[in-house]
Amino acid sequence: MNQIIDSLITADTAEKMKNNAYKNLSRYYQSIILDDKYQAFTDYMLTLVTKNVKTKRGIDVGCGTGIFTRKLKKSGFDVTGVDISKEMIAVADEETAVQNLRINYQIQDVKNLKTFEKVGFITAINDVFNYVEQKNLVKTFSAVSKCLERGGAFIFDISTEYKIEKINTEN
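Residues numbered from 1 in each chain as written. Predicted model: local features only at pLDDT ≥ 70, side-chain atom pairs only at ≥ 80, totals over all residues. Heavy atoms only, no water.

Points about a nonpolar patch on the surface
Now for step 1: On the surface, a cluster of nonpolar side chains totalling about 260 Å² of accessible area is made up of F141, F156 and I158.
Now for step 2: You can see F156 is positioned in strand β5 (residues 148–156). (Patch = residues over 30% accessible without salt bridge, like charges linked within 9 Å, V, L, I, M, F, W, Y side chains within 5 Å. Areas by Shrake-Rupley, 256 points an atom, 1.4 Å probe, with all protein chains shown as cover. Salt bridge = Lys/Arg side-chain N within 4 Å of Asp/Glu carboxyl O. Helix = DSSP H or I, 4+ residues; strand = E, 2+ residues; numbered from the N terminus.)

Re the packing of aromatic side chains
Now for step 1: One pass over the structure, following the stated rule, counts 7 aromatic pairs.
Now for step 2: Here the aromatic rings of F129 and F156 are separated by 5.3 Å at their centres, their planes lie at 40°, and the arrangement is tilted. Here F129, found in the loop between β4 (119–124) and α7 (137–147), pairs with F156, found in strand β5; they are 27 residues apart in sequence, far enough to count as distant.
Now for step 3: Judged by its relative accessible area of 6%, F129 is buried.
Now for step 4: When the centroid spacing of 5.8 Å and the interplanar angle of 65° are considered together, the rings of F141 and F156 count as edge-to-face. Of this pair, F141 sits in helix α7 while F156 is found in strand β5, placing the two residues 15 residues apart along the sequence.
Now for step 5: Taking the relative accessible area as the measure of exposure, F141 reaches 34% and is therefore partly exposed.
Now for step 6: Among the aromatic residues, those joined into a ring-pair cluster are F129, F141, F154 and F156. (Phe/Tyr/Trp six-rings, centres within 6.5 Å; stacked < 30°, edge-to-face > 60°. Buried < 20%, exposed > 50% of the residue type's maximum accessible area, 1.4 Å probe, protein only.)

Observations concerning the pattern of salt bridges
Now for step 1: One pass over the full model with this rule turns up 5 salt bridges.
Now for step 2: One salt bridge in this structure joins K71 and D43, with 2.5 Å as the shortest N-O distance. Note that K71 is positioned in helix α5 (residues 67–74) and D43 in helix α4 (residues 36–52), a separation of 28 residues in sequence.
Now for step 3: The exposure class of K71 is buried, given its relative accessible area of 18%.
Now for step 4: In this structure, the salt-bridge partner of E149 is R57, at a minimum N-O distance of 2.6 Å. Placement of E149 in strand β5 and of R57 in strand β1 (residues 57–61) is noted, with a sequence separation of 92 residues between them.
Now for step 5: The network of salt bridges with common partners includes R57, E117 and E149.

Have a look at this one:
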């Protein structure tokens, strides 16, 4: 029975299920994620960006509702937010308008990331690369690389099995 069910869940179906999850999650995402640990983490990531980038123009890939994107903007960076979920981008747009900021948000998949002009940095935080299938990793890193200026910085994180089992046990 499980083999039949497994064969019915194609990659396309799995992708639709994942996107539907974010459709429902988008309304609640900020209230779930905003805590002291997240603030400390984004402060740390902002420090990495500030220390490692040569130009202030960049992209925040997998921006979700734009929390880190807005933090970058408020710190003087010219940043574009990119996410695969139109629902997350809609919330990002609303929150950005409420804060009277101007940020360009785009719906894109990181594995096909494209820009009109190369940028000095790209961030992909909150486990963006944990969602990229192994078979798409080379394609994804290549797409990111093509968007970066020579000497540009790519700053990302991943959650390891250790982190999920030992550190994030309360989640």
